[in-house]
Amino acid sequence: MSTQQKRSRPRFGPLATSPGPVPDLDVDALLDDRGTGIIVCCGSGGVGKTTTSAALALRAAERGRKVVVLTIDPARRLAQSMGIERLDNTPRPVDGLRTNAKGNRQGGGLDAMMLDMKRTFDEVVESQATPEKAKQILENPFYIALSSSFAGTQEYMAMEKLGQIHADAQADGSYDLIVVDTPPSRSALDFLDAPERLSSFLDGRFIRLLLAPAKGPARMMSAGFGLITGALNKVLGAQVLRDMQTFVAAFDTLFGGFRQRAQKTFELLQADGTAFLVVAAPEPDALREAAYFVERLGEDRMPLAGLIVNRASPIPQGTLSADEAMAASARLRKREPGSLTAGLLRLHADQTRMVEREALLRERFAAAHPEVPTAVVPALAGDVHDLAGLRRIGQLLAGA
Amino acid sequence: MAAPTSDADWSRVRLHVVTGKGGTGKSTVAASLALGLASQGQQVLLCEVEGRQGIARMFDVDPLPYAERRIATGLRHNGTPPGVVHALHIDPESALLEYLSMYYKLGRAGRALDRFGVIEFATTIAPGVRDVLLTGKVFEAVRRNSRNKGAISYDAVVLDAPPTGRITRFLNVNDELAGLAKVGPIRSQADTVMTLFRSPRTVVHLVTVLEEMPVQETADGIAELTRAGLPVGAVIVNLVRPRDISPADLEAARDGTLDASRVATDLEEAGVDVADGLVDGLLAEAHDHAERRALEDAQRAVVAQLGRPTYELPRLAGGVDLGGLYELAADLKKQGLA
């Protein structure tokens, strides 16, 4: 880069630095480090977050950690094999861990839990309000809709549950490592912003407006409010506004508590004992989302441990290029349409092209984020739905 | 490739909703379907509602505003002039403001709504309202009315919809609002939207890949949609591996009994330098491929039992660019979906 160019903010684009070798993510070191208390797996949908979380948890447990894994929506058979097909919001012990004789270090254990978002929300309400008030809230149509479908509720509740389990584990020493799977968000924003969004919702001017008439009649009946209620009645109907006011008024006393909890969870995520792993597939969209995650985690000072690229195409042997293979395949096919060798060459060409494309995508990511340690997990031929499969993924994650 | 064919007739459909589990390529399929329909001469609108600007990236154009933009032309087919694909990025804030200005003369109150954070509240927090706004705009595009002056009339609208896990809730705006708004204009808006969604002019296509979880999720999605009275369309199997190795050879590849010397001879005759390890490498790749193919075939059988018209799209080794979209569009057209 020439010196005559001055920027207020240094930029490290792909042209400024040649991408050196990407540091390897040492998964075992991370799992064995007693300082690691929380591992959060995040990434876009369909990249294998749930399987990765479960595999990491199992590997940590078999290496001697006392682990609990919070999953959001595991595949049915995987959930069954871990004994958590019931959605009861309580960690359940996982059977079938390797015993000491087979290499399990002393004292490891694994519990698993599937998150029930509505139940978690209800529990928070019940723990924060008097029984009558809780009942009033739980029956309000606005609460019912909010607790089951507000975009971000699931994300927020995953964090809430994490906070609860962490506090319990600190108190009674039940776990020394919590692995969290995050919900398949519309975007990265949902997961990181949910606590903030809930807080700002609670602080919003509109909420305060709604609260005002319920509290002190007519005091806040400004011209603005009259206009708004008029407009809302017109669009939503009067009954909606009434329900909303009842809900907000009933919820009012809980707001402070919620805000505090959201803040505490946020601090917990920023703490040293937390490690974020960004999971991606070697696809443009998934890696773009991963890059976004990495940047956001940095901005929010959340500790990033590394990137896991799942389902990488296996690298073909030999040096035959894709173009050569395709050309040879075409020649063979001209002579014998059903030629096996032609088919093999076409497979080889496809495979080579995919590996090249994936390598290019990873290089681009590394050029923009050269400091992020990376583990590449080759695609397995089959689906994972038992502990043996999870163990295999764990080995691949650790590069073992 | 022996593509599965179907004699299902989609020509009366005005709204194609495309959903699928994350990672199955639903946006790619939605875009290809839009291009395929345009290749029949139809005027098509491709909508996205998740704020990802995926359409802009696929078609390599600037990020889309809340306005219908011309993004591509279909392929010329048998001399028929091709139709045009327009694209629209629907965000709930703009949809709400447009809705208010189209249906209500709110004037000062409208501005007050924005100032007091009501627009933000309604679109990000109020449950269900966001979906009513998004689906409401899609509805408006399908059934253009006189209030939207000068708007283009489309023959078909393709919606790149939320993923399978959320699709029923997203489309079932009625239920979502139940208990919240029992009467009032927003309720009647939701009712009208539902009438279209439940009519034969709408279909929901599900995109899957031949792996266990996505296929399972597709089956669950179909059951959920059916329970909600929403019309299920086709199952589109995406990212299908090449199928040009015979079943007998696949079996031999799995068992490790492929004839290495025959492959070596073929390679030499084709002028390939048979270096060390090449034949072994090819056979190892064949073994992996055969294993995956067996799993794919098992899932293909499961898909067949779903009882829906099924279409298959190949995995493009080089990834999907604009050329790839046209290739997939031609494929869908050949198979009869578009």
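Residues numbered from 1 in each chain as written. Chains lettered and ligands numbered in written order. Predicted model: local features only at pLDDT ≥ 70, side-chain atom pairs only at ≥ 80, totals over all residues. Heavy atoms only, no water.

Q: Would you mind showing me how to read the overall build of chain A here?
A: Scanning chain A from N- to C-terminus turns up 15 helices and eight strands. Relative to its 400 residues, chain A shows a buried fraction of 54%. Here the contacts in chain A between residues at least 6 apart in sequence split such that 79% fall between residues at least 24 apart. With the model as given, the accessible surface of chain A reaches about 17,900 Å², and the carbon-plus-sulfur share is 52%. (Helix = DSSP H or I, 4+ residues; strand = E, 2+ residues; numbered from the N terminus. Buried < 20%, exposed > 50% of the residue type's maximum accessible area, 1.4 Å probe, protein only. Contact = heavy atoms within 4.5 Å. Areas by Shrake-Rupley, 256 points an atom, 1.4 Å probe, with all protein chains shown as cover.)

Q: How should I be thinking about the overall build of chain B in this particular structure?
A: Looking only at helices and strands, chain B features 14 helices and eight strands. The buried share of chain B, taken over its 338 residues, is 58%. As presented, chain B carries roughly 13,700 Å² of accessible surface, and 50% of it is formed by carbon and sulfur atoms.

Q: Explain the side chain of Thr120 of chain A to me, please; I cannot follow it from the model alone.
A: In this fold, Thr120 of chain A is placed in helix α4 (residues 117-128). Among all residues touching Thr120 of chain A, those that are not within four sequence positions of it are Asn89, Leu115, Met157, Glu160, Lys161 and Gln164 of chain A.

Q: Quick question: what am I supposed to make of the packing of helix α13 (residues 322-335) of chain A against helix α14 (residues 340-368) of chain A here?
A: The packing of two helices is summarised by the inter-axis angle and the distance between the axes. Residues and elements named next belong to chain A. Put simply, α13 and α14 touch, their axes get as near as 8 Å, and they point 160 degrees apart. Between α13 and α14, the crossing angle belongs to the class labelled roughly antiparallel. When you trace α13 past α14, the crossing you get is left-handed. On the side of α13, the interface is formed by Ala322, Asp323, Ala325, Met326, Ala328, Ser329, Leu332 and Arg333, while α14 contributes Thr341, Ala342, Gly343, Leu345, Arg346, His348, Ala349, Thr352 and Arg353. Across the contact of α13 with α14, the residue classes break down as eight nonpolar, five polar and four charged. (Axes fitted to C-alpha atoms, helices over the stretch in contact; angles between N-to-C directions. Parallel < 35°, antiparallel > 145°, perpendicular 65-115°, else oblique. Left-handed = near helix turned anticlockwise from the far one by under 90°. Nonpolar A, V, L, I, M, F, W, Y, C, P; charged D, E, K, R; others polar.)

Q: Just checking my understanding: could you explain unusual backbone geometry for this structure?
A: Residues other than glycine predominantly adopt negative phi, and peptide bonds predominantly adopt the trans conformation. At Arg311 of chain A, a residue that is not glycine, the phi angle is positive and equals roughly 55 degrees. With respect to the helices and strands, Arg311 of chain A occurs in strand β7 (residues 304-312).

Q: Can you walk me through the nonpolar core in this structure?
A: Counting residues in hydrophobic clusters, the biggest one holds 75 residues, and the most contacted among them are Ile39, Met82, Leu110, Leu307 and Leu390 of chain A. With residues up to four places along the chain from it excluded, the contact list for Met82 of chain A reads Ala54, Val69, Pro93, Val94, Ala112, Leu387 and Leu390 of chain A. Formed by 72 residues, the second largest nonpolar core is a distinct cluster that contains Leu45, Ala95, Ile119 and Phe170 of chain B. (Core = buried A, V, L, I, M, F, W, Y, C linked by side-chain atoms within 4.5 Å.)

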